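# Commentary on secondary and tertiary structure
Letter by letter, the chains look like this.
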Amino acid sequence: NNKGYKPNTTATHLRDLKAVMTEARNRGMHNSTAYLCIKKKFENVDTVYLTIDEINKLYEFPLVGVQQMARDLFVLGCHTAMRYSDYSKLHPLHIHNDRIIFKTQKTDETVIIPAHPRVVYILERWNGAPKVSQTMLNRFIKGICKEMGIFNQLMPVKNGKKIEYMEKYNLITTHTARRSAATNMYLLGIPAQSIMKITGHTTESSFMKYLRISKDENAKLLADNPFFKK
């Protein structure tokens, strides 16, 4: 708490520490159960995603130099649902028969993703993913989205128990690209299990928490289902 960690960061550290303590107890290294009383719940983090229309406008926004490189790199994530650590390493050699075949860094598993025409074009344009560090990409993408003027709407953000409001462009990061891809695929009717094979989520419950779908969007998704038709 003194370090100012966000609630979910604290919860993650405590979860991992308790797992280690439990394994140590199972091995007979100690017999304490006091650590089980330490609890910290994960909070639903208010993060944003970009709609397909917003992604298209971002891609068509006239840019040059490093801004163009940063935007193109971000768009790679918007069309692949990959982590920055993966989409920043994409190369035309990873595309076979219009599919991206790539071994992910975090899970060391091979994923196969249909190659969006925009992804193919960007990789050919820069001879691989544009070389922009994660720190610089976070800085540039916020600036670009602010400059566009269509991401200025105020969004609710949880800060502990308080609700604060920030402009949408300030909430856009390298990870927003991955979340945008997953959310848009789901809204377009791609089954959760199929998307999870790309994102690497192991349970549908964790995947559904990952999506950013409003009640209105969910209602529209349901309304299009044959169940609600005459």
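## Here we look at the overall build of the protein chain
Of the regular secondary structure elements, the protein chain holds 10 helices and five strands. C-alpha atoms of the protein chain, sized along the principal axes, occupy 60 × 45 × 45 Å. Across the 230 residues that make up the protein chain, the buried fraction comes to 36%. Sequence-distant contacts in the protein chain: of pairs separated by 6 or more residues, those separated by 24 or more amount to 60%. When the accessible surface of the protein chain is split by element, carbon and sulfur atoms take 55% of a total near 14,400 Å². If you average the places of the 35 positive and of the 20 negative side-chain charges in the protein chain, the two averages end up 7 Å apart.

## Side note on the packing of helix 2 (residues 52–60) against helix 3 (residues 65–78)
Axis separation between helix 2 and helix 3 bottoms out at 10 Å; the angle between their running directions is 155°. One way to sum up the angle between helix 2 and helix 3 is to call them roughly antiparallel. The hand of the helix 2/helix 3 crossing is left-handed. Packed against helix 2, whose contacting residues are Ile55, Leu58, Tyr59 and Glu60, the element helix 3 presents Arg71, Asp72, Phe74, Val75 and Cys78 at the interface. Looking at side-chain class alone, the contact of helix 2 with helix 3 contains six nonpolar, no polar and three charged residues.

## With respect to the packing of aromatic side chains
Applying the stated criterion to the full structure yields one aromatic pair. Ring centres of Tyr84 and Tyr87 lie 5.7 Å apart, and the angle between their planes is 85°; this geometry places the pair in the edge-to-face category. A residue pair is termed a helical-turn pair when its members lie 3 or 4 positions apart in one helix, as Tyr84 and Tyr87 do in helix 4 (residues 84–87) at three residues. One exposure class covers both Tyr84 and Tyr87, and it is buried.

## Focus: the nonpolar core
Formed by 51 residues in total, the largest nonpolar core has its most connected members in Leu58, Phe74 and Tyr87. Each residue touching Tyr87, except ones within four places of it in the same chain, is listed here: Leu73, Leu76, Gly77, Thr80, Met82, Ala129, Leu137, Thr174 and Ala177.

## A look at the pattern of salt bridges
Within this structure, the stated rule accounts for six salt bridges. When the shortest N-O distance is used, the salt bridge between Glu54 and Lys168 registers 3.0 Å. Of this pair, Glu54 sits in helix 2 while Lys168 sits in the loop between strand 5 (162–167) and helix 7 (174–187), and the two are 114 residues apart along the sequence. Judged by relative accessible area, Glu54 falls into the buried class, the value being 11%.

## Brief notes about the pairing of strand 3 (residues 110–114)
Because side chains alternate across strand 3, one face comprises the buried residues Val111 and Ile113, and the other comprises Thr110, Ile112 and Pro114, none of which is buried. The pairing of strand 2 (residues 99–103) with strand 3 spans five bridges and is antiparallel. Note on strand 3: the bridge partner recorded for Ile100 is Ile113. Between the end of strand 2 and the start of strand 3, which pair antiparallel, lie six residues, with Asp108 showing a positive phi angle near 60°.

## Structural notes on the pairing of strand 2
A one-sided burial pattern is seen for strand 2, the buried positions being Ile100 and Phe102 and the unburied ones Arg99, Ile101 and Lys103. As paired strands, strand 1 (residues 95–96) and strand 2 are joined by two bridges and run antiparallel to one another. Following the sheet pairing, Ile95 is matched in strand 2 by Ile100. Connecting the antiparallel pair strand 1 and strand 2 is a turn made up of two residues, with Asn97 showing a positive phi of about 50°.

## Some points on the environment of Tyr121
One can find Tyr121 in helix 5 (residues 117–126). Linking Tyr121 and Asp72, residues 49 residues apart in sequence, is a C-alpha distance of 9.9 Å.

## Quick notes on the sheet that holds strand 2
Overall, antiparallel pairing links the three strands, which are arranged 1-2-3 in an open sheet. Every interior strand has two partners, whereas the edge strands, strand 1 and strand 3, have only one.

## Regarding a nonpolar patch on the surface
The grouping of Leu154, Ile163 and Tyr165 at the surface amounts to a nonpolar patch, some 340 Å² of accessible area in total. Along the chain, Leu154 falls in strand 4 (residues 154–159).

## Some remarks on helix 8 (residues 192–199)
By the burial criterion, the buried members of helix 8 are Ala192, Ile195, Met196, Ile198 and Thr199. Angular distribution of buried residues about the axis of helix 8 spans 155°; they occupy a single face of the element. Tucked inside the fold, the buried residues of helix 8 contact strand 3, helix 7 and helix 9 (204–210). Once helix 8 ends, the next one or two residues include Gly200, with phi positive near 90°.

About the criteria used
- Residues numbered from 1 in each chain as written.
- Predicted model: local features only at pLDDT ≥ 70, side-chain atom pairs only at ≥ 80, totals over all residues.
- Heavy atoms only, no water.
- Helix = DSSP H or I, 4+ residues; strand = E, 2+ residues; numbered from the N terminus.
- Buried < 20%, exposed > 50% of the residue type's maximum accessible area, 1.4 Å probe, protein only.
- Contact = heavy atoms within 4.5 Å.
- Areas by Shrake-Rupley, 256 points an atom, 1.4 Å probe, with all protein chains shown as cover.
- Lys, Arg positive; Asp, Glu negative; His and termini not counted.
- Charge placed at Lys NZ, Arg CZ, Asp CG, Glu CD.
- Axes fitted to C-alpha atoms, helices over the stretch in contact; angles between N-to-C directions.
- Parallel < 35°, antiparallel > 145°, perpendicular 65-115°, else oblique.
- Left-handed = near helix turned anticlockwise from the far one by under 90°.
- Nonpolar A, V, L, I, M, F, W, Y, C, P; charged D, E, K, R; others polar.
- Phe/Tyr/Trp six-rings, centres within 6.5 Å; stacked < 30°, edge-to-face > 60°.
- Core = buried A, V, L, I, M, F, W, Y, C linked by side-chain atoms within 4.5 Å.
- Salt bridge = Lys/Arg side-chain N within 4 Å of Asp/Glu carboxyl O.
- Pairing = 2+ DSSP bridges.
- Patch = residues over 30% accessible without salt bridge, like charges linked within 9 Å, V, L, I, M, F, W, Y side chains within 5 Å.
- Arc of directions from axis to C-beta.

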